[in-house]
Amino acid sequence: MMETTERFRARQKVQAEHGFKSLDEKCTICEKEVVKVSLENLKTYPFVMEGVKKGILKLFGAHYDFINGAFEIIE
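Here's what I pulled together on the structure shown here. (Residues numbered from 1 in each chain as written. Predicted model: local features only at pLDDT ≥ 70, side-chain atom pairs only at ≥ 80, totals over all residues. Heavy atoms only, no water.)

## Regarding the overall build of the protein chain
The line we're drawing: A run of H or I in DSSP becomes a helix once it reaches four residues, and a run of E becomes a strand once it reaches two; helices and strands are each numbered from the N terminus. Just to be clear, the radius of gyration here is over C-alpha atoms, and the globule rule we use is 2.2 Å times residues to the power 0.38. Contacts: residue pairs with any heavy atoms within 4.5 Å of one another.
Tallying secondary structure elements over the protein chain gives three helices and two strands in all. Along the protein chain, helices (α) and strands (β) appear in the sequence α-α-α-β-β when read from the amino end. Relative to the compact-globule value of 11 Å for 75 residues, the protein chain shows a C-alpha radius of gyration of 14 Å, a clear excess of over 25%. Principal-axis analysis of the C-alpha atoms gives the protein chain an extent of 40 × 30 × 20 Å. Taking contacts inside the protein chain between residues at least 6 apart in sequence as the whole, the part at least 24 apart equals 31%.

## Looking at the pairing of strand β1 (residues 61–65)
Working note: regular strand, side chains alternate between the two faces of the sheet. Our working definition: Strands were regarded as paired on the criterion that DSSP finds at least two bridges between them.
Alignment of β1 against strand β2 (residues 70–74), held across five bridges, turns out to be antiparallel. Its bridge partner lying in β2, A62 is registered against I73. Counting the residues between successive antiparallel strands, the hairpin from β1 to β2 contains four residues, one of them, G69, with a positive phi of roughly 70 degrees.

## Examining the environment of V48
Positionally, V48 belongs in helix α3 (residues 46–54). Put simply, V48 and F60 are 12 residues apart on the chain and 12 Å apart in space, counted from C-alpha to C-alpha.

## Topic: the nonpolar core
Just so we agree on the cut-off: Residues enter a nonpolar core if they are buried and are Ala, Val, Leu, Ile, Met, Phe, Trp, Tyr or Cys, with the set joined through side-chain atoms within 4.5 Å. Exposure classes here rest on a 1.4 Å probe applied to the protein chains alone. A residue is buried below 20% of its type maximum, exposed above 50%, and partly exposed in between.
Counting residues in hydrophobic clusters, the biggest one holds five residues: V35, L39, V48, L59 and I74. Beyond its immediate sequence surroundings of up to four residues, L59 is in contact with L39, L42, K43, V48, V52 and E75.

## So, the layout of surface pockets
Rules: With a 1 Å grid spanning the protein atoms alone, the term cavity applies to any set of points in which a 1.4 Å probe fits but cannot get out, the term pocket to an open set with protein on both sides within 12 Å along at least five of seven lines, and the term lining residue to any residue with an atom within 4 Å of a point. Grid points are joined across faces, edges and corners, and a volume is the space filled by probe spheres set on the points. Following the grouping adopted for this structure description, the nonpolar residues are Ala, Val, Leu, Ile, Met, Phe, Trp, Tyr, Cys and Pro, the charged ones are Asp, Glu, Lys and Arg, and the polar ones are all others, Gly among them.
Put simply, the largest pocket is a space of about 160 Å³. Every residue along the wall of the largest pocket is listed here: D24, C27, T28, E31, H63, Y64, D65, F66 and I67. Every element with two or more residues in the lining of the largest pocket is listed here: α2 (23–42) and β1. It is α2 that provides the largest number of residues to the lining of the largest pocket, a total of four residues. Its residues assigned to classes, the lining of the largest pocket shows four nonpolar, two polar and three charged.

Here's what the structure looks like:
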């Protein structure tokens, strides 16, 4: 489970950069930002970074908007 500080970091960034948008828009942006934070956290593991550097591992996340049926890959 993601640490509270990581979720808070994503929320702060969204609020600072998109505070003027609607709550629904900010929630969607925050969901995507949390995926990005998770990808960065994975890179803190030496065996993950080794795989990425060697080109044998590629990291990506995804966001699925089930209301609109949209699927977005996040790298």
